Amino acid sequence: MSSPKTPLDLTLDGGALTAALVDFPSVSGDEQALADAVEAALRGYPHLTVDRYGNNVVARTALGRGERVLLAGHLDTVPIADNLPSHVEGDLLYGCGTSDMKSGVAVQLRLAATLTEPNRDLTFVFYDCEEVEAHRNGLGHLAAAHPDWLAADFAVLMEPSGAAVEGGCQGTMRVQVRLTGVRAHAARSWLGDNAIHHAAEVLTRLADYRARRVEIDGLEYREGLNAVRIDGGVAGNVIPDECVVTVNFRYAPDRSEADAEKHLREVFDGFEVSVTDSAPGALPGLGQPAAQAFLAATGGVARAKFGWTDVARFSALGVPAVNYGPGDPNLAHKREEHCSLTAIAETEERLRAWLTS
């Protein structure tokens, strides 16, 4: 495994550079060593202006081109699951973050180092804390502190998409549904009111819920409403007087955050509901000229993005954006997470052709 002081060699091919990045552990909140290495590597290229804010690194060209494209990727990963250091089996590179999304970051770094005369001005953004609560997100911090660093005509978020264009993203909202009762000794349960038992109605509503499918710009988004945690109980001999069911709502981007919250309060009418985390979705925006040109350059096919990504932040900034990266989204966060070396090379090749043709 790489030492935090090991420099990054941006002349490596995409697969080897991905492996080097993966072997820099960078679980959310612990990205400094990797951010240091990314910054140091980029400062070695005179065609780039490099800025840093916290553990967020931004590199830009200033060639006076008529259009600016921004490529963004997060440096953090979910917690390591005994899947470091990285290793290769045939065409597959295994390890924490290979798919989500250090393969995409490797492509960014390769392009940043080697595209000295691109046909558009380029901005490369590497940010922290994407895999945790929205208020910790490094791209959000950049948007608040240095919005000028994120100015662009079009953005490509290198999130895992299986080397296909994924338009927009779902919104996400977490709520707590709180059930109350009366505490009592378990031997005299009739003197109490079991709050955990009241959760049965909440779980029944979730089990009976029929999620929407909605088509936007020719892309089908599927919603989902699921319990993700239940907390309750005081001791083995006590009737609990409180139980909390945490519910995650993944909703299509035709709903606003206010719409999503209203819907959840309707679903759980009669219960106490509080929002604990929320991030809006983003419409695909595939009718935008920049998006159409990108689609044409990458094969002309798009699909809906299942999951929330920072495409939503670019949408809020007025920058059309898509998800496009070599990783497989179905492998993100898995113990057996891996990425195809061929997909890494092909993603870089397509972006390079688009940015030089």
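See the structure shown above.
Just so it is clear, the structure is predicted and the values come from calculations on it, not from any experiment. (Residues numbered from 1 in each chain as written. Predicted model: local features only at pLDDT ≥ 70, side-chain atom pairs only at ≥ 80, totals over all residues. Heavy atoms only, no water.)

### A look at the sheet that holds strand β15 (residues 242-251)
Rules: Strands qualify as paired when DSSP identifies two bridges or more between them. Secondary structure follows DSSP: runs of H or I at least 4 residues long count as helices, runs of E at least 2 residues long count as strands, and numbering of each begins at the N terminus. Axes here mean lines fitted to C-alpha atoms, for a helix over just the part in contact, with angles spanning 0 to 180 degrees between N-to-C directions. Residues are treated as being in contact if the distance between any of their heavy atoms lies within 4.5 Å.
Strand order in the open sheet formed by 4 strands is β13-β15-β9-β16, and the pairing between neighbours is antiparallel. Bordering the open sheet on either side are β13 (224-232) and β16 (272-279), each of which pairs with just one other strand. Direction aside, the axes of adjacent strands within the sheet are offset by 20 degrees on average. The sheet contact formed by β13 and β15 spans 8 bridges and is antiparallel. Across the sheet, Arg 229 pairs through a bridge with Thr 246, a residue of β15. Against the sheet, helix α5 (residues 195-208) engages β9 (171-180), β13 and β15, with an angle of about 15 degrees to β15. Docked against the sheet, helix α6 (residues 257-267) engages β9, β13, β15 and β16, running at close to 150 degrees with respect to β16.

### Remarks on the side chain of Thr 246
Just so we agree on the cut-off: Accessible area is worked out with a 1.4 Å probe on protein chains only. A residue is then buried under 20% of its type maximum, exposed over 50%, and partly exposed in between.
Locating Thr 246 in the fold gives a position in strand β15. Accessibility expressed as a relative area gives 8% for Thr 246, which makes it buried. Discounting chain neighbours no more than four positions away, the residues touching Thr 246 are Val 175, Gln 176, Asn 226, Ala 227, Val 228 and Arg 229.

### Here we look at the pattern of salt bridges
Stated formally: Only one rule defines a salt bridge in this text: a Lys or Arg side-chain nitrogen within 4 Å of an Asp or Glu carboxyl oxygen.
On inspection of all chains with the given rule, the structure shows 25 salt bridges. A salt bridge links Arg 52 to Glu 39; the shortest N-O distance between them is 2.8 Å. Of this pair, Arg 52 sits in strand β1 (residues 49-53) while Glu 39 is found in helix α2 (residues 32-42), placing the two residues 13 residues apart along the sequence. Here Arg 205 and Glu 201 are joined by a salt bridge, their closest N and O atoms 2.9 Å apart. Of this pair, Arg 205 and Glu 201 both sit in helix α5, 4 residues apart, which is roughly one turn of that helix. Judged by relative accessible area, which is 25%, Arg 205 ranks as partly exposed. For Glu 201, a relative accessible area of 36% gives the class partly exposed. Each of the salt bridges in this network shares a partner with another, and the network as a whole consists of Asp 36, Glu 39, Arg 43 and Arg 52.

### Quick look at the layout of surface pockets
Applied cut-off: In this analysis, the protein atoms alone were mapped onto a 1 Å grid. Cavities are point sets where a 1.4 Å probe fits without being able to get out; pockets are open sets with protein on both sides within 12 Å along at least five of seven lines; lining residues have an atom within 4 Å of a point. Grid points are joined across faces, edges and corners, and a volume is the space filled by probe spheres set on the points. Residues were grouped as follows: Ala, Val, Leu, Ile, Met, Phe, Trp, Tyr, Cys and Pro as nonpolar; Asp, Glu, Lys and Arg as charged; and all remaining residues, including Gly, as polar.
If you add up the space inside the largest pocket, you get close to 770 Å³. For the largest pocket, the lining is made up of 29 residues, of which Glu 131, Arg 250, Gly 307, Trp 308 and His 333 are closest to its centre. Elements represented by at least two residues in the lining of the largest pocket include exactly β9, β13, β15 and β16. Considering only residue class, the lining of the largest pocket consists of 9 nonpolar, 10 polar and 10 charged.

### Here we look at the packing of helix α1 (residues 14-22) against helix α3 (residues 98-114)
Note the cut-off: Orientation labels follow simple angle bins: below 35 degrees gives roughly parallel, above 145 gives roughly antiparallel, 65 to 115 gives roughly perpendicular, and whatever is left gives oblique. The handedness criterion is simple: a crossing whose near helix is rotated anticlockwise from the far helix by less than a right angle is left-handed, and one whose near helix is rotated clockwise is right-handed.
The interhelical angle for the contact between α1 and α3, taken along N-to-C directions, is 125 degrees, at an axis separation of 8 Å. Of the possible angle classes, the one that applies to α1 and α3 is oblique. For the pair α1 and α3, the crossing hand works out as right-handed. Contact with α1, carried on its side by Gly 14, Leu 17, Thr 18, Leu 21 and Val 22, involves Thr 98, Lys 102, Ser 103, Val 105, Ala 106, Leu 109 and Arg 110 of α3 and no other residues of that element. When grouped by side-chain class, the residues that make up the contact of α1 with α3 number 6 nonpolar, 4 polar and 2 charged.

All we've got here are geometric facts, nothing functional implied.
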